[in-house]
Amino acid sequence: MKAITKNAFLPERFFSDLSPATQASFTAAAVQRRYKTGQVVCVEGEPPTGLFILEEGWVKAARASPHGREQALLFLGPGEIFGDLSVFTGLPYPGTVTALEPVLIWMLERETMLNLVQRHPDLALAVIRRLSERVLHFVSLVEDLSLRSVEERLANMLLKHARESNGRLVVPRQEWRTLDEMATQLGTVRDVLGRKLRMLENQGILQVEKHAITIFDSQKLADLGNS
């Protein structure tokens, strides 16, 4: 097991309140793993082996129906944690996590993590905060899928990920962020998403390009997301 001399990989928004002793115990127990694009980190339905912290790259957590339809649960980037729900409930992983690009991950084995939580109350509180955020995320996901149309979900997703670039509002598209991936995240299919994007382009609200989606009228997009 490889010890770590620095705590750089610890996500600050989750673990910033940990004492130096707790951080040292946590990082010393972590093992570094690398995955190539397309490699599976953990599989839906399998018993939990550990908790994962993503330091570099992006992964996708998704569930599959018996007919092969996929629903994305989470797209996770650097500083995110996954596997924690299963580690603390003892239940199988709720989704399959796949590397969307080369990733660097730190893993803590389940028994090690449980022992650390028992020994360090400040870590237990950090875990509770983290699990609470995850529950709120899934509540929001259920609300979106059941109460909002594809147009509303698309508008909100674009505004959420938009960034200022050279005086324009732009949604960057990583190489893995294809229309298929976007459709999966929105709980729809590629053809439906394609039609919705073309509709927004025809209305002059945005323009879809290979590496980015440029938003020309954020107010109209916001109105659509709240309709």
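Model, not experiment: these values are computed from the prediction.

> Tell me what's going on with the overall build of the protein chain, and back it up with residues and numbers.
Check the secondary structure of the protein chain and you find nine helices and twelve strands. By the compact-globule yardstick of 17 Å for 227 residues, the protein chain fits well, its C-alpha radius of gyration being 19 Å. Considered along the principal axes of its C-alpha atoms, the protein chain spans approximately 60 × 45 × 30 Å. For the protein chain, with 227 residues in total, the buried portion stands at 43%. Counting contacts in the protein chain only where the partners sit at least 6 residues apart, residues at least 24 apart contribute 71% of the total.

> An account of the sheet that holds strand E8 (residues 103–109) is needed here, citing residue identities and associated values.
Sheet architecture is open: four strands sit in the order E1-E8-E3-E6, paired in antiparallel fashion. Of all strands in the sheet, those with a lone pairing partner are strand E1 (31–35) and strand E6 (81–82), marking the two edges. For strand E3 (residues 50–56) and E8, the ladder comprises six bridges, and the chain directions are antiparallel. Across the sheet, residue isoleucine 53 finds its bridge partner in E8, namely tryptophan 106. Along the sheet face, helix H4 (residues 110–119) touches E3 and E8 and points at about 65° away from the line of E8.

> Kindly report on the sheet that holds strand E9 (residues 163–165), identifying the contributing residues and their values.
Strand pairing within a sheet occurs via backbone hydrogen bonds; the two strands may be parallel or antiparallel. One open sheet accounts for four strands, arranged E9-E10-E12-E11; its pairing is antiparallel. Sheet topology places E9 and strand E11 (206–208) at the edges, where each strand pairs with a single neighbour. On average, each strand axis in the sheet is inclined to that of its neighbour by 35°, with strand direction left out of account. With three bridges joining them, E9 and strand E10 (residues 168–172) adopt antiparallel strand pairing. Bridge pairing links arginine 163 to valine 170 in E10. Lying over the sheet, helix H6 (residues 150–161) contacts E9, E10, E11 and strand E12 (212–215), oriented at roughly 105° with respect to E10.

> If you had to explain unusual backbone geometry to someone new, which residues and values would you point to?
Although it is not a glycine, asparagine 166 adopts a positive phi angle of roughly 55°. Mapped onto the elements, asparagine 166 comes out in the loop between E9 and E10. Asparagine 166 sits in the exposed class, given a relative accessible area of 79%.

> Quick rundown of the pattern of salt bridges? Include the residues and the values.
Overall, the coordinates contain seven salt bridges when judged by the stated rule. Between arginine 110 and glutamate 111 there is a salt bridge whose closest N-O contact spans 3.7 Å. As a salt-bridge pair, lysine 196 and glutamate 151 come within 2.4 Å of each other at their nearest N and O atoms. Linking lysine 196 in helix H8 (residues 190–202) with glutamate 151 in helix H6, this pair joins segments that are 45 residues apart in sequence.

> Describe the pairing of E10, listing the residues and the values that go with them.
What sits between the antiparallel neighbours E9 and E10 is a turn of two residues, in which asparagine 166 has the positive phi angle 55°. One ladder, built from four bridges, connects E10 with E12; its direction is antiparallel. By the bridge assignment, valine 171 is partnered in E12 with isoleucine 213.

> So what's going on with the packing of H6 against helix H7 (residues 179–186)? Which residues, and what values?
At their nearest, the axes of H6 and H7 sit 10 Å apart, and the two run at 110° to each other. Relative to H7, the element H6 is oriented roughly perpendicular. Crossing angle aside, the handedness with which H6 passes H7 is right-handed. Note on element contacts: H7 touches H6 through Met182, Gln185 and Leu186, opposite Arg153, Leu154, Met157, Leu158 and His161. Residues belonging to the contact of H6 with H7 are distributed by class as follows: five nonpolar, two polar and one charged.

How each quantity is defined
Residues numbered from 1 in each chain as written. Predicted model: local features only at pLDDT ≥ 70, side-chain atom pairs only at ≥ 80, totals over all residues. Heavy atoms only, no water. Helix = DSSP H or I, 4+ residues; strand = E, 2+ residues; numbered from the N terminus. Rg over C-alpha atoms; globule rule 2.2 N^0.38 Å. Buried < 20%, exposed > 50% of the residue type's maximum accessible area, 1.4 Å probe, protein only. Contact = heavy atoms within 4.5 Å. Pairing = 2+ DSSP bridges. Axes fitted to C-alpha atoms, helices over the stretch in contact; angles between N-to-C directions. Salt bridge = Lys/Arg side-chain N within 4 Å of Asp/Glu carboxyl O. Parallel < 35°, antiparallel > 145°, perpendicular 65-115°, else oblique. Left-handed = near helix turned anticlockwise from the far one by under 90°. Nonpolar A, V, L, I, M, F, W, Y, C, P; charged D, E, K, R; others polar.

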